[in-house]
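Residue-level listing of the chains:
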Amino acid sequence: METQFPPSTLVVDRTTVLSLFAALSVLLTAYAASLRVLHASTTTKLRILFIWHLFDSLIHFTFEGSFLYNCFFTYTSVTHSSDYPHPASLTSPGVYFLGYPDRLYGSKYGTSPTAKLWQEYAKADERWGGADLTVISLELLTVFAAGPLAAYICELIRRRDSGGKLWFWASVLATGELYGGFMTFAPEWLSGNPNLDTSNFMYLWVYLVFFNMLWVWFPSWVLYEAYNNISLAFARASGATGMETKKTA
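If you're wondering where the values come from, they're calculated on a predicted model, not measured in any experiment.

> Account for the packing of aromatic side chains, naming residues and giving values.
Centre distance and the angle of the planes are the two values used to describe a pair of aromatic rings. Inspection of every chain in the model, using the stated rule, returns 21 aromatic pairs. Where Phe 67 meets Trp 128, the ring centres are 4.7 Å apart and the plane angle is 55°; that geometry is what we call tilted. Of this pair, Phe 67 sits in helix α2 (residues 44–73) while Trp 128 is found in the loop between α3 (113–121) and α4 (133–158), placing the two residues 61 residues apart along the sequence. The residues Phe 67 and Trp 128 share a single accessibility class, namely buried. Every member of this aromatic cluster is reached through a ring pair, and the members are Phe 67, Trp 118, Tyr 121, Trp 128, Tyr 203 and Tyr 207. A cation over an aromatic ring shows up here: Arg 103 above the ring of Tyr 100, its NZ or CZ 4.0 Å from the ring centre.

> I'd like to hear about the packing of α2 against α3, residue by residue, with values.
Two numbers describe how α2 lies on α3: the axes approach to 9 Å, and their chain directions differ by 100°. Taken together, the axis directions place α2 and α3 in an arrangement best described as roughly perpendicular. Here α2 contributes Phe 63, Glu 64, Ser 66, Phe 67 and Asn 70 to the contact with α3, which in turn contributes Thr 114, Ala 115, Leu 117 and Trp 118. Of the residues contributing to the contact of α2 with α3, the split by class is five nonpolar, three polar and one charged.

> A description of the nonpolar core should follow, citing residues and the corresponding values.
Phe 55, Phe 67, Ile 157 and Leu 166 are the most contacted members of the largest nonpolar core, which totals 50 residues. Mapped by element, the contributors of at least two residues to this core are α1 (14–37), α2, α3, α4, α5 (164–190) and α6 (201–248). In contact with Phe 55, other than residues within four places in its own chain, are Ala 23, Val 26, Leu 27, Ala 30, Leu 214 and Trp 215.

> For the side chain of Ser 57, give the residues involved together with the corresponding values.
Examined against the element boundaries, Ser 57 turns out to sit in helix α2. Residue Ser 57 is classed as buried on the basis of its relative accessible area, which comes to 2%. Each residue touching Ser 57, except ones within four places of it in the same chain, is listed here: Gly 147, Ala 150 and Ala 151.

> Break down the confidence of the model for the protein chain for me, with residues and values.
The share of residues in the protein chain with pLDDT of 70 or more is 86%, and the mean pLDDT across the chain is 88. The least confident element of the protein chain is α6, whose mean pLDDT is 85; the most confident is α2, at 97. For the stretch residues 1–5, pLDDT sits under 50, and the model shows 19 contacts to residues farther than four places along the chain or on other chains.

> Please provide a residue-by-residue account of the pattern of salt bridges, values included.
A complete count under the given rule lists six salt bridges for this structure. Among the salt bridges present, the one from Glu 188 reaches Arg 127, with a minimum N-O distance of 3.9 Å. Of the two residues, Glu 188 is situated in helix α5 and Arg 127 in the loop between α3 and α4; the sequence distance between them amounts to 61 residues. Look at Arg 127 and you get buried, because its relative accessible area is 1%. The salt bridge involving Glu 155 is made with Arg 159; its shortest N-O contact spans 3.1 Å. By relative accessible area, Glu 155 is classed as partly exposed at 25%.

Cut-offs and rules
Residues numbered from 1 in each chain as written. Predicted model: local features only at pLDDT ≥ 70, side-chain atom pairs only at ≥ 80, totals over all residues. Heavy atoms only, no water. Phe/Tyr/Trp six-rings, centres within 6.5 Å; stacked < 30°, edge-to-face > 60°. Helix = DSSP H or I, 4+ residues; strand = E, 2+ residues; numbered from the N terminus. Buried < 20%, exposed > 50% of the residue type's maximum accessible area, 1.4 Å probe, protein only. Lys NZ or Arg CZ within 6 Å of the ring centre and 35° of its normal. Axes fitted to C-alpha atoms, helices over the stretch in contact; angles between N-to-C directions. Parallel < 35°, antiparallel > 145°, perpendicular 65-115°, else oblique. Contact = heavy atoms within 4.5 Å. Nonpolar A, V, L, I, M, F, W, Y, C, P; charged D, E, K, R; others polar. Core = buried A, V, L, I, M, F, W, Y, C linked by side-chain atoms within 4.5 Å. pLDDT = per-residue confidence, 0-100. Salt bridge = Lys/Arg side-chain N within 4 Å of Asp/Glu carboxyl O.

Written out as C-alpha cells, the structure is:
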C-alpha cells in the first residue's frame, strides 16, 4: 500500500495498551457468554458462530457506537475557513458536516476514554479521527442494523434454531460486512491511501490488516457454511419430493 506519511516511530503508551485490552476483553466476554448460555450439546461450529456474532455485535454497539457519538457530539470551533474541512474529511468545498461551517467534529477533539481510543486507531487511519462522510454513513448502518442483527443471530443459536432462518440472516449480515469493508477502504485505494499510515508494523499489520481482516475472514467463512447448509437443505427437500412423486406414481 502506498502512503503519503513519512516513516513514523511507534509509541506504545497507556492508551495503546488499554485499547488493545478493550478489544480482547470483548472477545473474552463473548466466549464466556457462550459457555453460560449455550446448551452443552452445541456443536463447535455453532459455538464459534455464536462467539463471532456476539463479538461482532458488541464491537458494533460499544466501539463503533462510541465512534458515532464522537462524530456527532464532539467538536471544536473554528474561526477561519481554511481550518475546514478536517484533513480526513472528503467533503467538497462549501459542504459542512451537519451544516455547521464553524465546527470540526470527531474523536480528535475529545478527551473521553472513547475519544482517546479512536485517536489511537486514527494514527493508522486518519479518517477515524474526524468526520468522514463515507465512514459515518457506513457506521450508521453498522451500529443500528448490523449490531442488532448479529445479536439476533446469537439468540437463534441460543434457541438451538440452526435451520434456514439462522443461515439466511447470517448470510445477509456477512454480505453486508464484506460490502462495508470494501466501501471503507476502496476510496483510499483509489486515491493513493492519503489517510493511511503504513510506516510501521503496529499500524499496518495490527490496526489496518488484522483488525479489518477479521471482518473478511469470518464473514467469508459464514457465507461458505451458509452455502453448504442451504444447498444440503435443498438437496434433502428435492430428494423427499422425488420420493413422494415415486410413491404417488
